[in-house]
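Spelled out from the first residue to the last, the chains are:
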Amino acid sequence: MKRIIIPVVLIIGIIIIGIFAFDKYMERKVKKIIDDFAKSGEDIQYEDVDFSLIDRNIRIKKLFIHNEGDTFLVEEVIVYRYEDLFNFVILMKDLKMVEGPRKEQYIKALNFFKELDYKDTRFDLYIDMEVNKKENKASIKSFKLIVHPAFSLEFFADIGNFDPSFWKKIFGKKELTEEEVIEAMSEFGSLKLFRIGFSYENRDFRDRFIKYLAKDEGLTPEEFKAKIKKSLDETISKTDSPSHRKVLSDIKYFIEKGKFIKISIEPVKPMKFQDIALYTAFALEQGKRNPGTTLLNLFKVESEVF
């Protein structure tokens with residue numbers, strides 16, 4: 001009997017120690033998240049924290065974020081992965097603005113959705129970011145705003161010349177000196193764009209929004225869509241680039257009946273942000289040439305729609 005009891009007791013003891021160690025590890029992880037938020041100028045409080053032993057997720061209940069006079073409430077934050085300020089995957093569920101100078105804009109947004117006959121509008125924010133320190137490359141894999149029950153809008157980008165240590169130092173200061181501001185602007189200008197884009201998933205927002213815009217112009221939704229498609233057709237006929245024509249055609253299809261559209265833009269060769277700004281300024285100064293066409297010729301544009 002003792003031969004059976006001793007191993008069982010040892011196994012139970014190991015499990016208890018493992019759970020205790022996991023609990024302490026997660027506590028340190030939460031403390032690191034809170035400390036990193038505080039270093040970046042955010043003042044936060046939370047009501048409760050739960051740890052999942054199975055999937056190792058952290059769930060933070062009722063997170064209050066105070067920033068520059070504004071107070072936001074997130075009903076639940078799920079932390080799927082967290083290493084530092086630039087390496088994490090989180091989901092903020094039911095994001096609300098409680099008070100602050102920008103609350104009026106938040107109320108206007110809610111009222112706008114009410115005008116479109118949405119009874120209960122909720123906002124989620126999903127962020128997946130990763131930095132390759134060896135290559136100095138930052139990837140915003142997903143920055144997704146989910147507006148329930150209307151739509152989701154996602155941005156993504158791949159950026160080079162990203163020095164994590166520099167930006168960690170900058171984000172760790174609540175106030176910057178004039179020299180540090182100049183240094184940050186210079187560093188920002190040297191960032192190199194590899195790819196940027198967005199995707200949009202429609203639920204039932206598009207049709208409601210088109211109806212809203214059409215009514216404002218005294219048109220039926222069908223007449224309004226026909227007007228947009230006519231404008232796109234005119235632009236397509238004047239465009240030489242096959243890829244640009246495809247993007248415009250995909251937008252046209254999406255306006256009619258698409259559920260999802262994704263547009264990705266890549267420079268013909270990776271470009272620094274400061275060079276993009278110079279090319280933009282040059283294009284805008286052109287007399288007869290279309291500045292939009294001048295800029296588009298510097299980029300490869302791809303799209304998909306269904």
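Residues numbered from 1 in each chain as written. Predicted model: local features only at pLDDT ≥ 70, side-chain atom pairs only at ≥ 80, totals over all residues. Heavy atoms only, no water.

Draft legend 1. Spotlight on helix α8 (residues 273–285). For α8, which comprises 13 residues, the first-to-last C-alpha distance of 19 Å matches the rise-based estimate of 18 Å (1.5 Å per residue) to within 8%. Among the residues of α8, those classed as buried are Phe-273, Ile-276 and Ala-283. Along the long axis of α8, the arc covered by the buried residues comes to 80°, so they all point the same way. Within α8, the exposed residues directed more than 90 degrees away from the buried face are Leu-278 and Glu-285. (Helix = DSSP H or I, 4+ residues; strand = E, 2+ residues; numbered from the N terminus. Expected span 1.5 Å × (residues − 1). Buried < 20%, exposed > 50% of the residue type's maximum accessible area, 1.4 Å probe, protein only. Arc of directions from axis to C-beta.)

Draft legend 2. Representation of the packing of aromatic side chains within the structure. For the structure on display, the rule yields 21 aromatic pairs. Where Tyr-200 meets Phe-254, the ring centres are 5.5 Å apart and the plane angle is 90°; that geometry is what we call edge-to-face. Taken together, the residues span a long stretch of sequence, with Tyr-200 in strand β8 (residues 192–202) and Phe-254 in helix α7 (residues 242–257) at a distance of 54 residues. Side by side, Tyr-200 and Phe-254 carry an identical accessibility label, which is buried. Of the aromatic side chains, those joined through ring pairs into one cluster are Tyr-106, Phe-112, Phe-113, Tyr-118, Phe-123, Phe-151, Tyr-200, Phe-205, Phe-209, Tyr-212 and Phe-254. The ring of Phe-254 has Arg-206 lying over it, and the distance from NZ or CZ to the ring centre is 5.5 Å. (Phe/Tyr/Trp six-rings, centres within 6.5 Å; stacked < 30°, edge-to-face > 60°. Lys NZ or Arg CZ within 6 Å of the ring centre and 35° of its normal.)

Draft legend 3. How the structure looks around the side chain of Glu-76. In this structure, Glu-76 sits in strand β3 (residues 70–84). Apart from the residues within four sequence positions on either side, Glu-76 is in contact with Arg-59, Ile-60, Lys-61, Leu-91, Met-92 and Lys-93. (Contact = heavy atoms within 4.5 Å.)

Draft legend 4. Region of the structure containing the pattern of salt bridges. Scanning the model with the defined rule gives 20 salt bridges in all. Here Lys-229 and Glu-256 are joined by a salt bridge, their closest N and O atoms 2.7 Å apart. Of the two residues, Lys-229 sits in helix α6 (residues 221–237) while Glu-256 sits in helix α7, which places them 27 residues apart along the sequence. Residue Lys-229 is classed as partly exposed on the basis of its relative accessible area, which comes to 22%. When salt bridges with common partners are traced through the structure, they connect Arg-59, Lys-61, Glu-76 and Lys-93 into a single cluster. (Salt bridge = Lys/Arg side-chain N within 4 Å of Asp/Glu carboxyl O.)

Draft legend 5. Representation of the nonpolar core. Ranked by internal contacts, the top residues of the largest apolar core, which has 34 residues, are Ile-58, Ile-60, Leu-63, Val-77, Val-79, Phe-162 and Trp-167. Taken together, the elements giving at least two residues each to this core come down to α1 (2–39), β1 (43–51), β2 (58–67), β3, β4 (87–99), β5 (122–132), α3 (164–171) and α8. Not counting residues within four places of it along the chain, the set of residues in contact with Phe-162 comprises Phe-86, Val-131, Asn-136, Lys-137, Ala-138, Trp-167 and Leu-191. Membership of the second largest hydrophobic core comes to 17 residues, among which are Tyr-106, Leu-116, Phe-205 and Ile-261. (Core = buried A, V, L, I, M, F, W, Y, C linked by side-chain atoms within 4.5 Å.)

Draft legend 6. Representation of the environment of Gly-189 in the model. Mapped onto the fold, Gly-189 is located in helix α4 (residues 178–190). Here the alpha-carbon distance between Gly-189 and Ala-277, two residues 88 residues apart in the chain, equals 8.8 Å. Here Gly-189 is in contact with Lys-272, Phe-273 and Gln-274, once residues within four sequence places are set aside.

Draft legend 7. Quick look at the environment of Leu-176. In this fold, Leu-176 is placed in the loop between α3 and α4. Overall, Leu-176 belongs to the partly exposed group, its relative accessible area being 34%. Setting aside anything within four residues of it in sequence, one finds Leu-176 in contact with Ile-170 and Val-181.

Draft legend 8. Structural detail: unusual backbone geometry. With an omega dihedral of 0°, the bond running from His-148 to Pro-149 counts as a cis peptide bond. Within the secondary structure layout, Pro-149 lies in the loop between β6 (137–148) and β7 (151–160). You will see that Asn-136, though not glycine, has its phi angle at about 50°, which is positive. Here Asn-136 shows up in the loop between β5 and β6. A positive phi angle is found at Asn-161, which is not glycine, with a value near 60°. Within the element layout of this structure, Asn-161 appears in the loop between β7 and α3. For Asn-161, a relative accessible area of 32% corresponds to the partly exposed category.

Draft legend 9. Structural view of the pairing of β6. As paired elements, β5 and β6 share eleven bridges and run antiparallel to each other. Opposite Leu-125, over in β6, you have Leu-145 as the bridge partner. In this antiparallel pair of consecutive strands, β5 and β6, the connection spans four residues, and Asn-136 shows a positive phi of 50°. Sheet topology note: the β6/β7 ladder contains eight bridges and is antiparallel. Considered in β7, the bridge of Leu-145 is made with Leu-153. Hairpin connection, β6 to β7: the antiparallel pair is bridged by two residues. (Pairing = 2+ DSSP bridges.)

Draft legend 10. Representation of a nonpolar patch on the surface. Together, Leu-176, Val-181 and Met-185 give the surface a local cluster of nonpolar side chains, amounting to about 260 Å² of exposed area. Relative to the helices and strands, Val-181 is located in helix α4. (Patch = residues over 30% accessible without salt bridge, like charges linked within 9 Å, V, L, I, M, F, W, Y side chains within 5 Å. Areas by Shrake-Rupley, 256 points an atom, 1.4 Å probe, with all protein chains shown as cover.)

By themselves, these are just geometric observations and shouldn't be taken as functional.
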